[in-house]
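# Structure at a glance
Chain by chain, the residues run as shown.
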Amino acid sequence: MIAVNLIRSEPHYRKDAFNAGLESLGYRIEQEGKPKSRNDLLVIWNRMFPHEQKAADWEAQGGTVIVCENGYLAPTKWRTYAISVHGHCGSGWFPIGDEDRFSRLGIALEPWRTDGGDILVCGQRGIGSREMASPRRWERKTVERLRAMGYRVRLREHPGRLPAKTTLEQDLASASLCVIWSSTCGVRALSLGIPVVYCAPHWICHGAAGPGLGSVAKPLRDDSARDRAMATMAHGQWAIEEIAAGEPFRRILLQIGESRW
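In short, a report on the structure.

The rules we used
Residues numbered from 1 in each chain as written. Predicted model: local features only at pLDDT ≥ 70, side-chain atom pairs only at ≥ 80, totals over all residues. Heavy atoms only, no water. Salt bridge = Lys/Arg side-chain N within 4 Å of Asp/Glu carboxyl O. Helix = DSSP H or I, 4+ residues; strand = E, 2+ residues; numbered from the N terminus. Buried < 20%, exposed > 50% of the residue type's maximum accessible area, 1.4 Å probe, protein only. Arc of directions from axis to C-beta. Contact = heavy atoms within 4.5 Å. Phe/Tyr/Trp six-rings, centres within 6.5 Å; stacked < 30°, edge-to-face > 60°. Lys NZ or Arg CZ within 6 Å of the ring centre and 35° of its normal. Pairing = 2+ DSSP bridges. Right-handed = clockwise from strand over helix to strand, strands pointing away. Axes fitted to C-alpha atoms, helices over the stretch in contact; angles between N-to-C directions.

We now examine the pattern of salt bridges. With the rule as written, the count across this model stands at 15 salt bridges. Across the pair Arg 154 and Asp 118 runs a salt bridge, and its minimum N-O distance is 2.6 Å. Note that Arg 154 is positioned in strand E7 (residues 153-156) and Asp 118 in strand E6 (residues 118-122), a separation of 36 residues in sequence. Residue Asp 118 is classed as buried on the basis of its relative accessible area, which comes to 10%. The partner of Asp 223 in a salt bridge is Arg 226, with the nearest N and O atoms 3.8 Å apart. Linking Asp 223 with Arg 226, this pair stays in helix H6 (residues 223-234), spanning three residues, or about one helical turn.

So, on to the environment of Lys 165. You can see Lys 165 is positioned in the loop between E7 and helix H4 (168-172). Taking the C-alpha atoms as reference, Lys 165 lies 19 Å from Ile 180; in sequence the two are 15 residues apart.

Our next topic: helix H3 (residues 138-148). Listed as buried for H3 are Trp 138, Glu 139, Thr 142, Val 143 and Leu 146. Across the axial projection of H3, the buried residues extend over an arc of 130°, all falling on one side. Residues Arg 145 and Ala 148 are exposed on H3 and point more than 90 degrees away from its buried face. Looking at the packing, one finds that the buried side of H3 touches E6, E7 and strand E8 (175-180).

Another aspect to go through is the packing of aromatic side chains. Ring pairs (aromatic) are described by centroid distance and by the angle formed between their planes. Under the criterion given, the structure shown has five aromatic pairs. Residues Trp 45 and Tyr 81 carry aromatic rings whose centres are separated by 6.0 Å and whose planes lie at 75° to one another, so their mutual orientation is edge-to-face. Of this pair, Trp 45 sits in strand E3 (residues 41-45) while Tyr 81 sits in strand E5 (residues 80-85), placing them 36 residues apart in sequence. Each member of the pair Trp 45 and Tyr 81 is classed as buried. Taken together, the ring pairs in this structure connect Phe 18, Trp 45, Tyr 81 and Phe 249 into an aromatic cluster. One cation-aromatic arrangement involves Arg 79 over Tyr 81; the distance from NZ or CZ to the ring centre is 5.3 Å. Lying across the ring of Trp 112, Arg 226 places its NZ or CZ 4.4 Å from the centre.

What follows deals with the pairing of E7. Looking at chain direction, E6 and E7 are connected through four bridges and run parallel. Note on E7: the bridge partner recorded for Ile 119 is Val 153. This β-α-β element, E6 to H3 to E7, shows right-handed connectivity.

A sheet is described by the order of its strands in space; here six strands give the open sequence E2-E1-E3-E4-E5-E11, paired in mixed fashion. Two strands bound the open sheet, and with one partner strand each, they are strand E2 (28-30) and strand E11 (237-239). Each neighbouring strand pair of the sheet contributes to a mean axis angle of 30°, computed without reference to strand direction. Sheet topology places E5 next to E11; three bridges connect them, and they run antiparallel. Looking at the pairing, Ala 82 lines up with Gln 237 of E11. Against the sheet, helix H1 (residues 15-24) makes contact with strand E1 (2-5), E2, E3, strand E4 (64-70) and E5, and its axis sits at roughly 175° relative to E1, the strand it touches most. Across the sheet, helix H2 (residues 52-60) touches E1, E3 and E4, and the angle it forms with E3 is around 160°.

Here it is in structure tokens:
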């Protein structure tokens with residue numbers, strides 16, 4: 001089996017841990033190549049330019065694309081990475097195990113906020129696949145639309161565009177609703193009891209949030225839906241030690257025939 005790993009080598013991305021995990025399962029790490037079966041892997045960081053066409057070609061040739069990103073929700077001291085087949089943040093597939101992976105994060109789910117507040121729109125950088133990248137100026141157009149509808153709205157710029165002067169938690173402190181494209185800011189908002197509306201075609205916690213701006217008028221506050229969404233999300237992110245041991249790749253290979261997106 002071969003694995004072409006295109007993740008960058010800087011310490012933040014931990015390409016060494018991904019290679020170690022793949023090699024522990026018998027993979028030969030290549031710089032390039034063509035897949036001969038679904039067990040041959042192309043490993044990329046997000047499904048964006050310049051990797052999107054390469055990913056499409058790899059899948060067309062019968063191989064499997066593994067898409068990685070920063071984890072969706074985790075304590076600061078427990079560094080995690082999101083890993084899924086085909087796409088990121090709900091646009092792909094990952095196996096769901098039987099164990100409780102969310103509780104181990106040690107993150108309490110706070111009661112839903114029902115008091116008054118404003119709407120926080122979280123901007124994105126517009127990166128990702130053609131399907132999942134946020135449209136140009138999405139956040140500013142969304143703020144304008146919501147204000148025209150009579151809502152009090154604040155914009156949190158993506159920190160990758162402008163250095164943040166406040167933390168996400170500070171910006172969420174007075175929010176009664178969080179509107180995102182597909183940002184993981186929404187996962188943090190859900191954990192704080194703040195309803196979420198997402199506008200992308202997919203989102204990792206879609207079952208616990210409203211799809212589209214039409215959902216703003218009736219925010220979803222459903223404990224059972226949030227519990228399920230968080231439990232599922234936790235199976236799609238892995239600690240660096242687990243990655244180095246090959247566990248996420250092993251589980252994917254065991255159930256690769258069930259992958260759907």
